[in-house]
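# Structural overview
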Amino acid sequence: MTLDDIVAAVRTAHDTRTSLRLRGHGSKDFYGGLLSGEVLDLAGHRGIVAYEPTELYLTARCGTSLAEIEAELAANGQMLAFEPPRFSGATLGGCLAAGLSGPRRMQAGAVRDFVLGVKLVDGSGQVLNFGGQVMKNVAGYDVSRLIAGSLGTLGVIAEATLKVLPQPVAETTLEFACDEAEAIRRLNTWGGQPLPVSASFWHEQRLWLRLSGAAAAVDAACRRLGGNVAVDAGKWWVSVREQSHPAYAGQSLWRLALPSTAAPLAVPGLRASEWGGALRWYGSEVEPAVMRAAAAAAGGHAVLYRAPESLRCLEGAFAPLPPPLLALHRRLKKAFDPQGILNPGRLYAEF
Amino acid sequence: MILPAHCLLVEDEDLRPYECDGLTAYRAMPLAVCLPESEGQVIDVLRTCHQLGVPVVARGAGTGLSGGAMPHAEGVVLSLARFNKILRVDRDSRTAAVQPGVRNLAVSEAAAPYGLYYAPDPSSQIACTIGGNVAENSGGVHCLKYGLTVHNVLRLRVVSIEGEIFEIGGGAPDAPGYDLLALLIGSEGLLGVVTEVTVKLVPKPELAQVVMASFHDVARAGDAVAAIIAAGIIPAGLEMMDKAAAAAVEPFVKAGYDLDAAAILLCESDGTPEEVAEEISRVMAVLTASGAHDLRVSQSEAERLRFWAGRKAAFPAVGRITPDYYCMDGTIPRKRLAEMLAAIAAMEQKYGLRCANVFHAGDGNLHPLIMYDASLPGEWERAEAFGADILELSVALGGSITGEHGVGIEKINQMCVQYATPELEAFHRVKAAFDEKRLLNPEKAVPSLHRCAEYGRMRVHRGELKFPELERF
């Protein structure tokens, strides 16, 4: 599948006002609003276009699997520092569109922090190039980063350039026994100190802390922090990143983003927390309104991450936007997709 | 009455200090300068200007280098100078909420008692404000490792041109909806007026040390930069100065720079003492293998600051040896550094002007300082054409016309070189989503298609299509 094929498909849809459902591998079909529209299968637009390890960037087409990209990076001792979930066969386009970051999020940054440029096919079938392959570029609005997490509603991400980073030389995981409140307290204290923390995970009264960096720094931090060194931690972090760990099981799952310091919420169903306390996962023990209110009261927001279709019909995935922001979203959507044909309703039901 | 008398300037003598920002070559007198003291007054000013169709140019400390805060001759300047309070420094969540007129360095000073600091450190940090940093997406010498403003701002409170307040981002990660923080940061005051900023604070490293390396050959210094990255090292700072820059700063700062070197590289490592020791030894090995003929490691904090002093004082130092200088801001892939320097040397001949070069080498961001004398007829025009050549070559080499200073009014023509019509049209649609009447900082940052057509015609008319051998994108 070529860029011209994508352009032709979008133009036809534009002219006939046909809604398109953009799809890479479909590994995140469960995420966001309900799917609608004719499938535009982008998996065939694939391949790494450019990779220059010493320039710290990689450019690839949207259908390229993250596995392929990461294998290429690993061969050069580099990585996608935001550790996106690969699920089974996730593609670069889907990774950017969903904007989901993994365990290293709080230290390394989110997906959007690593986007240097995109080639976008907008809703009228125009090819637009934003950003580029250099680390710093403030010419024009930063549309490349805006695209991250937009769930395909602003354009087809045909190609993207990401900043890549060297893999850490050393990595050790420490394990501690503590309750949720104590985990939050410790993680925020450590967060204020120059420690090479690269991930955290709390589940069933145990806290795991990953340290990554120069061997000397990791060793020094281990001595200072105590705890037990976890065995086989590499595989275990993969289960967190891929959400194959039992903590993420179940039909319904809420993903709460909170200030890392937020005290334990007075709602039942906590499964696990990550990101130094800033990301907390809950089951569906309470009503959606209660969950959203609890997150908002703590200064954060709740995402209905995974749920049966019966619930997704009634409840949007993301916290509702205040009116001025919703109006802005609608105008931006229109600026990139005047007919509203790209992934309608995938982000918000309103557009 | 929208503003009390002490918040409004209308007399020529009062307006004069506002007629330009750090780019003094471009000037315009505004109709008035508003100095609101409350958010309510900002709202009133914007609402009134919106109703009357009057352009508004927001302004912080006016240290910007691209004319972004240059007034509009038929508009008002909205100075946020009185929004200078640090509202909160929260040790536990490692965040600070500040008003936009707070100086960059003041944030780090307020956070220092907690062992924290605000990472982006533009060289003007003692004067420039956070609001200006947000508008320009400012960088600094440590952004290779710690990121730009966009990586370090968590939340903005914004007033639209219609006087409506909206908040974007937040204390929790990954706010719902589009990433408007990414869009607003670096938007050069074209999309809204920021009244409050929450920034991320990071722990101050226990130790920082810098290696100073001299090279006989600029190309080798450029290769050394790539070799450091290839070795898997992301230094806290990686800066380069050429011979002209070193010669300009040495008498000024007495840092002990090797004046015979063609290029001097400064490579900083920070972290725990163990981490720094390990990284410095790896950096030294790479630099030696890359052909550095002299290597020195700072042995004390005072020495580290002295090594840096020249780099940080490069602009004023050059200002001492020339009546005027013009600072450029292109970015290029690191591997094209030597090529760019050779081209700049040729341009010095072509335009009969000298140029000193300082670079954020780690991220390929060049700051050539073109020296000229504004009092001599034609010199500014030559300097401007010299600068335009550098910017257009940056694009041709696969880079950008601006890494951290913004487009403003200065690089508006070069935007036509970097972007094609469809992207420029998309930018205009984004602008219209926020500011349909185009009243916020009009005629800056994104050129009209008409302007690009004129610029293109002008260039072809002169018969000098620049770099015809290079592919355009």
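Note that the structure is a prediction, hence the values are computed from the model and not measured.

### Focus: the overall build of chain B
- Helix and strand counts for chain B come out as 17 helices and 18 strands.
- Compactness check: chain B gives a C-alpha radius of gyration of 22 Å against a globular reference of 23 Å for 473 residues, within 12% of the reference.
- Along the longest, intermediate and shortest principal axes, the C-alpha atoms of chain B span 65 × 60 × 45 Å.
- Residue pairs at least 24 apart in sequence account for 71% of intrachain contacts in chain B once pairs closer than 6 positions are excluded.

### Points about the UniProt feature "domain: FAD-binding PCMH-type" (unreviewed entry) in chain A
- The sites that UniProt annotates as "domain: FAD-binding PCMH-type" (unreviewed entry) are residues 1-167 of chain A.
- Annotation note: span residues 1-167 of chain A, helix share 23%, strand share 25%, distance between end C-alpha atoms 33 Å.

### Some details on the interface of chain A and chain B
- Taken together, the contact between chain A and chain B spans 64 residues of the former and 74 residues of the latter.
- Put simply, the parts of the chain that give the side of chain A that touches chain B at least two residues each are strand 7 (127-131), helix 5 (143-147), strand 9 (165-166), helix 6 (180-191), helix 7 (215-225) and helix 11 (323-336) of chain A.
- The biggest single contributor to the side of chain A that touches chain B is helix 11 of chain A, with 7 residues.
- A class-by-class count of the residues in the side of chain A that touches chain B yields 34 nonpolar, 22 polar and 8 charged.

### A word on the nonpolar core
- Formed by 213 residues in total, the largest nonpolar core has its most connected members in L96 and I157 of chain A together with I264, L265 and I370 of chain B.
- Counting residues per element, this core draws most heavily on helix 14 (residues 379-396) of chain B, at 8 residues.
- A257, L265, W275 and A317 of chain A belong to the second-largest nonpolar core, a separate cluster that totals 26 residues.

### Some words on the sheet that holds strand 9 (residues 165-169) of chain B
Residue and element names in this part refer to chain B.
- Strands sit in the order 5-6-10-8-9 across an open sheet of 5 strands; the sheet is antiparallel. At either margin of the open sheet sits one strand with a lone partner, and together these are strand 5 (86-90) and strand 9. Pairs of neighbouring strands in the sheet enclose a mean axial angle of 10°, with direction left out of account.
- Relative to strand 10 (residues 193-200), helix 2 (residues 39-52) is tilted by about 135°, and along the sheet it contacts strand 8 (153-159) and strand 10.

### Details of the sheet that holds strand 15 (residues 270-274) of chain A
Residues and elements named next belong to chain A.
- Pairing is antiparallel in the open sheet, where 8 strands are placed in the order 13-10-12-11-15-16-14-17. The sheet is open, and its two borders are formed by strand 13 (228-229) and strand 17 (301-306), each paired with just one other strand.
- Where strand 10 (residues 170-177) lies against strand 12 (residues 206-213), 8 bridges are found, and the strand directions are antiparallel. Looking across to strand 12, one finds that E171 is bridged to S212.
- Contacts from helix 6 reach strand 11 (197-203), strand 12 and strand 15 within the one sheet, and its direction differs from that of strand 11 by about 175°.

### Some thoughts on unusual backbone geometry
- We note that F87 of chain A has phi near 40°; this positive angle belongs to a residue other than glycine.
- The residue F87 of chain A is located in the loop between strand 5 (78-79) and helix 3 (92-98) in this model.
- Located in the positive-phi region is R438 of chain B, a residue other than glycine, with phi close to 55°.
- Within the element layout of this structure, R438 of chain B appears in the loop between helix 16 (421-434) and helix 17 (449-461).
- Judged by C-beta crowding, with 17 C-beta atoms within 10 Å, R438 of chain B ranks as partly exposed.

### Points about the domain arrangement of chain A
Residue and element names in this part refer to chain A.
- Taken domain by domain, chain A consists of domain 1 (3-166 + 329-336), domain 2 (168-242) and domain 3 (250-319).
- With centres defined by C-alpha atoms, the gap from domain 1 to domain 3 works out at 26 Å.
- Listed as interface residues are 8 residues of domain 1 and, on the opposing side, 10 residues of domain 3.
- Considered class by class, the residues forming the side of domain 1 that touches domain 3 number 5 nonpolar, 2 polar and 1 charged.

### Points about helix 2 (residues 66-74) of chain A
Residues and elements named next belong to chain A.
- For helix 2, the complete set of buried residues consists of L66, I69 and L73. Looking straight down helix 2, one finds that the buried residues subtend no more than 65° of arc, so they occupy a single side. Among the exposed residues of helix 2, those pointing more than 90 degrees away from its buried face are A71 and A74.
- Looking at the packing, one finds that the buried side of helix 2 touches strand 3 (48-52), strand 4 (57-61), strand 5 and helix 3.

### Let's talk about the packing of helix 7 of chain A against helix 10 (residues 273-289) of chain B
- Relative orientation of the contacting elements helix 7 of chain A and helix 10 of chain B amounts to 165°, with a least axis distance of 7 Å. Relative to helix 10 of chain B, helix 7 of chain A is oriented roughly antiparallel. Handedness of the crossing formed by helix 7 of chain A with helix 10 of chain B: right-handed. Together, A215, A216, A217 and A220 of chain A of helix 7 of chain A and E274, E275, A277 and E278 of chain B of helix 10 of chain B make up the contact between the two elements.
- Here the contact of helix 7 of chain A with helix 10 of chain B is built from residues that sort into 5 nonpolar, no polar and 3 charged.

### Focus: the confidence of the model for chain B
- Across chain B, pLDDT averages 93, with 96% of residues at or above 70.
- Among the scores for the predicted complex, ipTM is 0.97 and pTM is 0.96.

### With respect to the packing of helix 9 (residues 243-253) of chain B against helix 12 (residues 314-321) of chain B
Residues and elements named next belong to chain B.
- Put simply, helix 9 and helix 12 touch, their axes get as near as 8 Å, and they point 90° apart. The angle between helix 9 and helix 12 places the two elements in the roughly perpendicular class. Listed contacts from helix 12 to A245, A248, V249 and F252 of helix 9 are A314, A317, V318, R320 and I321.
- The residue inventory of the contact of helix 9 with helix 12, partitioned by class, reads 8 nonpolar, no polar and 1 charged.

What counts, and where the lines are drawn
Residues numbered from 1 in each chain as written. Chains lettered and ligands numbered in written order. Predicted model: local features only at pLDDT ≥ 70, side-chain atom pairs only at ≥ 80, totals over all residues. Helix = DSSP H or I, 4+ residues; strand = E, 2+ residues; numbered from the N terminus. Rg over C-alpha atoms; globule rule 2.2 N^0.38 Å. Contact = placed C-beta atoms within 7 Å. UniProt positions renumbered as here; feature names shortened; annotations may be inferred. Nonpolar A, V, L, I, M, F, W, Y, C, P; charged D, E, K, R; others polar. Core = buried A, V, L, I, M, F, W, Y, C linked by C-beta atoms within 7 Å. Buried ≥ 20, exposed ≤ 12 C-beta atoms within 10 Å, placed from the backbone. Pairing = 2+ DSSP bridges. Axes fitted to C-alpha atoms, helices over the stretch in contact; angles between N-to-C directions. Domains from an automatic or database assignment. Arc of directions from axis to C-beta. Parallel < 35°, antiparallel > 145°, perpendicular 65-115°, else oblique. Left-handed = near helix turned anticlockwise from the far one by under 90°. pLDDT = per-residue confidence, 0-100.

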